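Okay, here's what each chain looks like letter by letter:
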Amino acid sequence: MSKRSKAYVAAAEKIEADRAYAPLEAVRLAQATSIAKFDATVEVAFRLGVDPRKSDQMVRGTVNLPHGTGKTARVLVFATGDRAEQARAAGADIVGGDELIERVAAGFTDFDSAVATPDLMGKVGRLGKVLGPRGLMPNPKTGTVTMDVAKAVNEIKGGKIEFRVDKHANLHFIVGKVSFTDIQLVENYGAALEEVLRLKPSASKGRYISKATMSTTNGPGILVDQNKTRNLTEADAEV
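Predicted, not measured: the structure shown is a model, and the values here were computed from it.

Caption draft 1: Looking closely at helix α7 (residues 149-157). What α7 keeps buried is the set V149, A152, V153 and I156. Seen along its axis, α7 keeps its buried residues to an arc of 95°; they face one direction. On its buried face, α7 sits against β3 (75-78), α3 (81-89), β5 (113-116) and β6 (160-164). Note on α7: the residue one or two positions beyond its end, G159, has a positive phi of about 120°.

So this is what it looks like as structure tokens:
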């Protein structure tokens, strides 16, 4: 058994597999069971009661995490002229027009988020096969197709995350780093949860969030009580 697997098993033994922990308890347990030798990312996965194959049950959105992600996102902007200069001034990492579109078409995806001005979407739209599977395609609904590229860049750099349900009805998002305080992590979780609940499709019947799991990079999963949606920062039982 490798050192990594031993560490994983030891961490998993601290978690009651069939228990759904209150969000604050789950956060504290995630911090206590992180096995990475670096500042691990804290992630959450929801299983949703939707059918992603139906357009009226697609769940996709963005949320500004109150305490950021703990990571400075690498932002690419498709823009030209004054908008390109505004994007650079706002801190965009990669900015360009036709040449950048060709570069991405050839397979370049070394960035975390993409923004585009509306006038370039006719060309950017052809990048669907490259950007779509990675969740990087600019979209007006998430504020990444806009003339105000500076605002979009600032929001993404400031902790705005995008989420989208996958074909298996799972939705993943990050809530920060293990080094965050427990309150910061649970407040980030609460902000994302509130937005996911707000986006519940009217066509979704039955239980909307059927399962919630929190984990750290390479660490074991912790069931979260998805029914607890208020007063998330209230003290819970010791873990």
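The discussion continues.
Caption draft 2: A look at the pattern of salt bridges. Counting across every chain of the model gives twelve salt bridges. Between K71 and D112 there is a salt bridge, with the nearest N and O atoms lying 3.3 Å from each other. Within this pair, whereas K71 is found in the loop between β2 (60-64) and β3, its partner D112 is found in the loop between α4 (98-105) and β5, the two being separated by 41 residues in sequence. A relative accessible area of 47% places K71 in the partly exposed class. The partly exposed category is assigned to D112, whose relative accessible area is 37%. Between K160 and E155 there is a salt bridge, with the nearest N and O atoms lying 3.1 Å from each other. The buried category is assigned to K160, whose relative accessible area is 14%. The class of E155 is partly exposed, set by a relative accessible area of 25%. Beyond isolated ion pairs, a larger network of salt bridges with shared partners links E16, R19 and E25.

Caption draft 3: Representation of the packing of aromatic side chains in the model. Considering all chains together, one arrives at three aromatic pairs under this definition. Ring centres of F46 and Y189 lie 6.3 Å apart, and the angle between their planes is 75°; on these two criteria the pair is classed as edge-to-face. Here F46 is found in strand β1 (residues 41-48), whereas its partner Y189 is found in helix α8 (residues 182-198), with 143 residues between them in sequence. No difference in accessibility class separates F46 from Y189, as the two residues are buried. When the centroid spacing of 5.8 Å and the interplanar angle of 45° are considered together, the rings of F108 and F111 count as tilted. Assessed through its relative accessible area of 16%, F108 is described here as buried. By relative accessible area, F111 is classed as buried at 6%. An aromatic cluster is defined as three or more aromatic residues linked by ring pairs; in this entry it consists of F46, F173 and Y189.

Caption draft 4: Main features of the nonpolar core. Within the largest apolar cluster, 39 residues are counted, with the highest numbers of intra-cluster contacts made by F46, L48, Y189 and M214. Mapped by element, the contributors of at least two residues to this core are α2 (23-32), β1, β6, β7 (170-177), α8 and β8 (209-216). Here the element with the most residues in this core is α8; it accounts for seven residues. Setting aside residues no more than four positions away along its own chain, M214 makes contact with A26, V27, A30, V42, E43, V44, Y189, P220, G221, I222 and V224.

Cut-off values and rules
- Residues numbered from 1 in each chain as written.
- Predicted model: local features only at pLDDT ≥ 70, side-chain atom pairs only at ≥ 80, totals over all residues.
- Heavy atoms only, no water.
- Buried < 20%, exposed > 50% of the residue type's maximum accessible area, 1.4 Å probe, protein only.
- Helix = DSSP H or I, 4+ residues; strand = E, 2+ residues; numbered from the N terminus.
- Arc of directions from axis to C-beta.
- Contact = heavy atoms within 4.5 Å.
- Salt bridge = Lys/Arg side-chain N within 4 Å of Asp/Glu carboxyl O.
- Phe/Tyr/Trp six-rings, centres within 6.5 Å; stacked < 30°, edge-to-face > 60°.
- Core = buried A, V, L, I, M, F, W, Y, C linked by side-chain atoms within 4.5 Å.

Coordinates in, geometry out; function isn't part of it.
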